[in-house]
Amino acid sequence: MARKAPRDDVNEDGIEIGSPKEWAAGIPGVTRSLLTANAQMGVGRTLLTLAGVNQKEGFDCPGCAWPEGEHRSPFEFCENGAKAVAEEATVRRVTRDFFARHTVDDLAGHTEYWLGQQGRLTEPMHKPAGSDHYVPVSWDDAFSLIARELRALDSPDEALFYTSGRTSNEAAFAYQLLVRRFGTNNLPDCSNMCHESSGSALTETLGIGKGTVSLEDLHRADLIFVVGQNPGTNHPRMLSALERAKREGARIVAVNPLPEAGLLRFKNPQRASGLVGKGTTLSDRFLQIRLNGDLALFKAMSLLLLEAEEAAPGTVIDRDFVEAHTHGFDEWAEDLRSLDWAEVEEATGLDRPAVEEAVREVLGAKSVIVCWAMGLTQHRNSVATIREVVNFLLLRGNVGRAGAGVCPVRGHSNVQGDRTMGIYEKPPARFLDALRDEFGFEPPREHGFDTVEAIRALRSERAKVFIAMGGNFVSATPDTAATEEAMRRARLTVQVSTKLNRSHAVCGREALILPTLGRTERDGDRFVTVEDSMGMVHASRGRLRPASDDLLSEVEIVCRLAVELFGDDPHVPWQEFAADYDAIRDRVSRVVPGFDDFNTKIRAPGGFALPNAPRDERRFPTATGKANFTVNELEVLRVPPGRLLLQTVRSHDQYNTTIYGMDDRYRGVRNGRRVVFVHADDLAERELADGDMVDLVSEWPDGERRAEAFRAVAYPTARGCCAAYFPETNVLVPLDSVAETSNTPTSKSVVVRLVRREPADG
Ligand code: SF4
């Protein structure tokens, strides 16, 4: 099960470890943005490009899904947004000569960083079966090859159609239409690996699989919990929103095993005081929780609120709200009273006074928001944990009023919009009915494969063709060795991409790379749309000349494949869709709720907000017709002696699987990525010291998994926990270790042991 690290393109012998930072952004953030952009694009292109990021007439940042406010400054981007834009708008190019020089095997030996640094893909490439080289192929030949392979399948369910969160609404709608027209719901997406747990829990409890707050709510909240989230690196402009909330009087409680710089203090680079002053203290209270302890924490806080209500009836619980709008309160409250504080303390690593102090914050706040990210969603009990977050908020009526609600913060710029457009392996019947009524064909009803099931299907050869609309599937998914082996069994793999990544090198017997336009680039006079994390839909118009004349937009790729596959289709005007995205938006307006009059509303500067029944009307379209309290069992994740709980994290020079550089400025790491952050006392207990080299080993019923050669870094993480970067540590998470209900890999609670490497091991 061991997997060797890719060949060293970057020598990590020069790694330097400093102290973790206690504040985020400031002058270093600005400097790093400009240096990165300049290195990839040069001065003129940097200025032209960055001036368009997140502007009403510009393009949507290809980074995260954080929303923009109504009033925009000329610099509506953060350090990591600048890096994402620079990666895409780089002047470096990958040409046919590059592929002539490098075999596929050779590419597979390089790191993600090296692959990403080669530049933009420029023409379609084909790896024939039995060959170890990609060679140029025409677009026509590429489409006929895909159509031929799809038609040759015994069933449409033998094909998989993956989507990454960069895909625009228009491309996503056309893509899911092609897939259902072909006859399957095999539409795994990156959401399966990130916020699926949020979607599952919120759909059941609130009747909507998304958050219920707007940016304005965040500014108006009295108390904001930021749980299992590192906004300084992953959603940097959220720090501006938190800073604004603080100015308006909000208090912030951060809940995290790591004291991340962005949770502590923010120096806003867009304000003079942020550049020269001390910045703003963000967290008023930091709960350094043990990994996987959040369910216990929210149960404990709710119990203390119940007890406070019993001590002073009518002062704590919002009885009117609970009675009018919720279901299941009595059963939930009765179960909660049996909570065992010893288990709470064991699960959270927090003592009771720390939880009581957090509850005093809650009692002092009229409106409370809970924000979270992967720290909550990638555990076996993630869906139960998020249900407990909902219970906690419902108790005091903190859903459906100003300054209050649930705020799952999405990672990739249009991951939420793609799901809204129907990229979902378990589509609701009403969506399929609407498709049928609009297009006049019967879509398949049987649920398709999610990401984990898709890998299993490839492994067992129940799936034979794999098509990815963006992303880097083999590096984003768990159980690297198993996933790579599964991918290599495919008859054909197709990657629609802007840049080179490992999924081009670890491919099927036959493989295609189809290069596509990026967000920054002109797509004729057309524009696309995206939905941000808070349900705002807006237009995105690139302004740069495309990286090559031989690129197609994602919409064109979908539509030209559909023409090849279906010929003269009586149901869908694919050619019209390819030429005019308004034609797609017209159809969206009749299929997807909330998009009526899409083409008019999207032309308003800043776009429009999608309806959100819990937020707008306190209406909860659940099975009971109310917001549901749910009972969730507390099971303490006990770690065998000598083991630690590992969470996989990003560095500050990283966005998902894209590695921008080898530093993690906020955590004090330079020139390296193979580090594991461990509490100094946990190192000492294992007779290890800062600087020792270790392997990380996870133990499972089907055998051990090993990630080799990590430098131990003494770090102020919670006791019993450690952290290391993905994708290097994806190898440690087996395919079958997933969250209940959502099937999301459990990448935030992996039991590992550290095995010292002797000097001879390297
Ligand atoms: S916060 Fe996210 S969307 Fe905004 S500029 Fe930064 S990376 Fe881009």
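Small disclaimer: the values here were computed from a predicted structure and weren't measured. (Residues numbered from 1 in each chain as written. Predicted model: local features only at pLDDT ≥ 70, side-chain atom pairs only at ≥ 80, totals over all residues. Heavy atoms only, no water.)

1. Things to note about empty space enclosed by the protein
- Taken as a whole and judged by the stated rule, the model has 5 cavities of 30 Å³ or more.
- Looking at the second largest cavity, its volume works out to about 230 Å³.
- Taken together, 17 residues line the second largest cavity, and the ones lying closest to its centre are Ser168, Leu517, Gly518, Arg519 and Val528.
- Broken down by class, the residue content of the lining of the second largest cavity amounts to 6 nonpolar, 5 polar and 6 charged. (1 Å grid on protein atoms, 1.4 Å probe; cavity = no way out; pocket = protein on both sides within 12 Å on 5 of 7 lines; lining within 4 Å. Points joined across faces, edges and corners; volume = space filled by probe spheres on them. Nonpolar A, V, L, I, M, F, W, Y, C, P; charged D, E, K, R; others polar.)

2. What to know about the packing of helix H7 (residues 139-151) against helix H28 (residues 554-566)
- Where H7 contacts H28, the axes come no closer than 9 Å and their chain directions differ by 60 degrees. Put simply, H7 runs oblique to H28. Here the hand of the crossing between H7 and H28 comes out right-handed. Each of Trp139, Asp140, Phe143, Ser144, Ile146, Ala147, Leu150 and Arg151 in H7 lies in contact with H28, whose residues at this interface are Ile557, Arg560, Leu561, Glu564 and Leu565.
- Looking at the contact of H7 with H28 residue by residue, the classes come out as 8 nonpolar, 1 polar and 4 charged. (Axes fitted to C-alpha atoms, helices over the stretch in contact; angles between N-to-C directions. Helix = DSSP H or I, 4+ residues; strand = E, 2+ residues; numbered from the N terminus. Parallel < 35°, antiparallel > 145°, perpendicular 65-115°, else oblique. Left-handed = near helix turned anticlockwise from the far one by under 90°. Contact = heavy atoms within 4.5 Å.)

3. Topic: the layout of surface pockets
- Taken as a whole, the largest pocket holds about 1,300 Å³ of empty space.
- Counting residues per element, the ones that place at least two in the lining of the largest pocket are helix H9 (196-206), helix H22 (415-420), helix H23 (429-439) and helix H32 (613-617).
- Top contributing element to the lining of the largest pocket by residue count: H9, with 5 residues.
- Here the lining of the largest pocket is composed, by residue class, of 14 nonpolar, 20 polar and 12 charged.

4. Concerning the sheet that holds strand S21 (residues 608-609)
- One open sheet accounts for 3 strands, arranged S19-S20-S21; its pairing is antiparallel. Both outer strands of the open sheet, strand S19 (528-531) and S21, are each paired with one neighbouring strand and no more.
- With 4 bridges connecting them, S19 and strand S20 (residues 536-540) associate as antiparallel partners. Of the residues in S20, the one forming a bridge with Val528 is Ser540. (Pairing = 2+ DSSP bridges.)

5. Digging into the confidence of the model for the protein
- When the pLDDT values of the protein are averaged, the result is 93; 96% of them are 70 or greater.
- Note that residues 1-5 has pLDDT below 50 and, in this model, 15 contacts with residues that lie over four places away or in other chains. (pLDDT = per-residue confidence, 0-100.)

6. Comments concerning the pairing of strand S23 (residues 644-649)
- With 6 of 6 residues buried, S23 lies mostly within the body of the structure.
- One ladder, built from 3 bridges, connects S23 with strand S31 (residues 750-756); its direction is antiparallel. Residue pairing across strands places Leu645 opposite Val751, the latter belonging to S31.
- Here 5 bridges tie S23 to strand S30 (residues 721-725), and the two strands are oriented parallel to one another. Each bridged residue has a counterpart across the sheet, and for Gln647 the counterpart in S30 is Ala723. (Buried < 20%, exposed > 50% of the residue type's maximum accessible area, 1.4 Å probe, protein only.)

7. A few points about the packing of aromatic side chains
- One pass over the structure, following the stated rule, counts 24 aromatic pairs.
- Their ring planes at 75 degrees and their centres at 5.9 Å tell us that Phe598 and Phe608 sit as a pair that is edge-to-face. Of this pair, Phe598 sits in helix H31 (residues 598-601) while Phe608 sits in strand S21, placing them 10 residues apart in sequence.
- In textbook terms, an aromatic cluster arises when at least three aromatic residues are bridged by ring pairs, as seen for Phe98, Phe99, Trp114 and Tyr134.
- The lysine or arginine in question, Arg650, covers the ring of Tyr655, its NZ or CZ lying 4.6 Å from the ring centre. (Phe/Tyr/Trp six-rings, centres within 6.5 Å; stacked < 30°, edge-to-face > 60°. Lys NZ or Arg CZ within 6 Å of the ring centre and 35° of its normal.)

8. A look at the packing of helix H8 (residues 169-182) against helix H30 (residues 581-591)
- At a closest axis distance of 10 Å, the pairing of H8 and H30 adopts a crossing angle of 70 degrees. Accordingly, the angle class assigned to the pair H8 and H30 is roughly perpendicular. Every pair of crossing elements has a handedness; the one defined by H8 and H30 is left-handed. Residue-level contacts link Glu170, Phe173 and Ala174 of H8 to Tyr581, Ile584, Arg585, Arg587, Val588 and Val591 of H30.

9. A few points about H9
- By the criterion of burial, H9 is predominantly enclosed, with 9 of the 11 residues buried.
- Those residues of H9 lying buried are Glu196, Ser197, Ser198, Gly199, Ser200, Ala201, Leu202, Thr205 and Leu206.
- Looking one or two residues beyond H9, the residue adopting positive phi is Gly207, at roughly 85 degrees.

10. Some thoughts on the site of the ligand
- The local shell around the ligand consists of Asn54, Cys61, Cys64, Phe77, Cys78, Gly81, Pro236 and Arg237.
- Split into classes, the residues belonging to the shell around the ligand amount to 5 nonpolar, 2 polar and 1 charged. (Near = heavy atom within 4 Å.)

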